[in-house]
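Report on the structure
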Amino acid sequence: MPPGRTALSPREGVRLHAFSTMGVGGPARWFYTAERPAEIRSAHQWCAEQNVPMFVLGGGSNIVVADEGFAGLVLHVGVMGVSMAADSGDTIVTAGAGEPWDPLVRILVEQGLGGVECLSGIPGTVGGTPIQNVGAYGQEVASCIDRVVVFDRVRGEFGEIATADCAFSYRMSRFKGTDAARFVVCQVVFRVRPGRPTVAYPDLVTELENRRIDTPGLPDVREAILAVRRRKGMVLDAHDPDTRSVGSFFMNPIVAAADRERIASVSGERVPGFAAGGDRVKIPAAWLIERSGFVKGHADGSVGLSTKHPLAIVNRGG
């Protein structure tokens, strides 16, 4: 190795289909798994020295990899570890970006800590949750994030970004928006506390009613969420071909009441929706997609829509 060059030994020609829930993708020119934050910096420096691009990969549950692969370094973030500490009645949970998300949710629920129970069953890793402000069934991860530990690729240094500076909004953050690709998430620090579960969405309410649970606890809500997601093919299952996808990536559009009425006049039926403040309403994307002509189970060769709902594009094989 020439003097001053970064010591890094990435593998070459690693096929990426195995690292994506969609199950497709060609090879990475170089591939490296960073198990410590320091290795993330080394990978960044190596790419700068080699003058090659770097793509940061987590759980692979929200990417589609082209057949030609990636002509640079794929940095697989594998920083692990979970620690907990008490702070004035709250619990501070620090989790490595490479930790699988759902097992962390299970641990917190088992310890009676609320705030993420409705996010059960979501695939991927901890590091991906703040990037798109993961949310489901009435909860968003932003509500319990205290700060995000990152490597800043512009400044070449580590830092912490407080929740207030993450620019969280509906399925959005600065990590996905204005500062896309600038930061590599190393750890996420959560602030959670004992509490009652969030029971807001109709699907969840109905599931709990069917189970005859009038006063649900956190474990009840977690199990109900997992059941609802499983019926929709939204819990990874090797025996369910509908889960060979990147999940439900459509955002429910928030529109003015007048737009809702206009859609109703075109469709000829009542448009479902949820109040979103003021005269605005959130319309289910699934309803809109089906009425545009793409129903669940739609197929085009080896590509299709989930047979359980129209929000997931599925790889049928090949």
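Before reading further, recall that the structure is shown in the block above.
For clarity, every value in this text was computed on a predicted model and none was experimentally measured.

1. Looking at the overall build of the chain
The number of helices and strands found in the chain is six helices and 18 strands. Across its three principal axes, the chain shows a C-alpha extent of roughly 70 × 55 × 40 Å. A buried classification covers 45% of the 318 residues belonging to the chain. Restricting to contacts in the chain with at least 6 residues of sequence separation, those with at least 24 account for 56%. Carbon and sulfur atoms provide 52% of the accessible area of the chain, an area that totals close to 15,600 Å².

2. With respect to the packing of helix α2 (residues 101-110) against helix α4 (residues 218-231)
Relative orientation of the contacting elements α2 and α4 amounts to 155°, with a least axis distance of 9 Å. Between α2 and α4, the angle falls in the class roughly antiparallel. Across the interface between the two elements, Asp102, Val105, Arg106 and Val109 from α2 touch Leu218, Pro219 and Arg222 from α4. Here the residues of the contact of α2 with α4 are counted per class, giving four nonpolar, no polar and three charged.

3. Section: the pattern of salt bridges
Enumeration according to the criterion identifies 21 salt bridges in this entry. Put simply, Arg191 and Asp90 hold a salt bridge, and the shortest N to O gap is 3.1 Å. Here Arg191, found in strand β12 (residues 183-194), pairs with Asp90, found in strand β6 (residues 90-96); they are 101 residues apart in sequence, far enough to count as distant. The salt bridge involving Asp179 is made with Arg174; its shortest N-O contact spans 2.7 Å. Considered together, Asp179 and Arg174 belong to a single accessibility category, that of buried residues.

4. Let's talk about the nonpolar core
Side chains of nonpolar character tend, in soluble globular proteins, to be buried together. Ile40, Leu73, Trp101, Leu104, Val141 and Phe190 are the most contacted members of the largest nonpolar core, which has 59 residues in total. It is β12 that contributes the most residues to this core, eight residues altogether. Not counting residues within four places of it along the chain, the set of residues in contact with Phe190 comprises Thr91, Ile92, Val93, Ala95, Trp101, Leu104, Val126, Thr129, Val141, Cys144, Ile145 and Asp146. One finds Ala28, Phe31, Leu57 and Val74 within the second-largest nonpolar core, a separate group that totals eight residues.

5. What to know about the side chain of Glu207
Topologically, Glu207 is positioned in helix α3 (residues 202-210). The exposure class assigned to Glu207 is buried, which follows from its relative accessible area of 8%. Apart from the residues within four sequence positions on either side, Glu207 is in contact with Ala224, Ala227, Val228 and Arg231.

6. A look at α3
The α-helix advances 3.6 residues per turn, and as a result positions three or four apart in sequence lie on the same side. Of all the positions in α3, only Leu204, Glu207 and Leu208 are classed as buried. The buried residues of α3 occupy an angular sector of 95° when the element is viewed end-on, so they sit on one face. Of the exposed residues in α3, the ones pointing more than 90 degrees away from its buried face are Glu209 and Asn210. Contacts made by the buried residues of α3 are with α4. Residue Arg212 follows α3 closely and has a positive phi angle near 60°.

Conventions used here
The residue numbers shown here count from 1 along each chain, following its written sequence. Local features in this predicted model are restricted to residues whose pLDDT is 70 or higher, and side-chain atom pairs enter the listing and the counts only when it is 80 or higher, whereas totals over whole chains, interfaces and linings include all residues. Side-chain measures here rest on the full set of heavy atoms in the structure, leaving out hydrogens and waters. Secondary structure elements are defined from DSSP: runs of H or I of at least 4 residues count as helices, runs of E of at least 2 residues count as strands, and each element is numbered from the N terminus. Only protein chains enter the accessibility calculation, which uses a 1.4 Å probe. A residue is then buried if its area is under 20% of the maximum for its type, exposed if over 50%, and partly exposed in between. Two residues qualify as a contact provided that any one of their heavy atoms is within 4.5 Å of a heavy atom in the partner residue. Only the protein chains shown count as covering a residue, and every accessible area follows the Shrake-Rupley method with a 1.4 Å probe. Lines fitted to C-alpha atoms define the axes here, with helix axes fitted over just the stretch in contact, and angles between the N-to-C directions of these axes take values from 0 to 180 degrees. An angle counts as roughly parallel when it lies under 35 degrees, as roughly antiparallel when it exceeds 145, as roughly perpendicular when it falls between 65 and 115, and as oblique in every other case. Here the nonpolar group is Ala, Val, Leu, Ile, Met, Phe, Trp, Tyr, Cys and Pro; Asp, Glu, Lys and Arg are the charged ones; every other residue, Gly included, is treated as polar. Here, a salt bridge means any Lys or Arg side-chain nitrogen found within 4 Å of an Asp or Glu carboxyl oxygen. In these notes, a set of buried Ala, Val, Leu, Ile, Met, Phe, Trp, Tyr and Cys residues joined through side-chain atoms within 4.5 Å is what counts as a nonpolar core. Starting at the helix axis, one direction is taken to each C-beta atom, and the arc is that of these directions.

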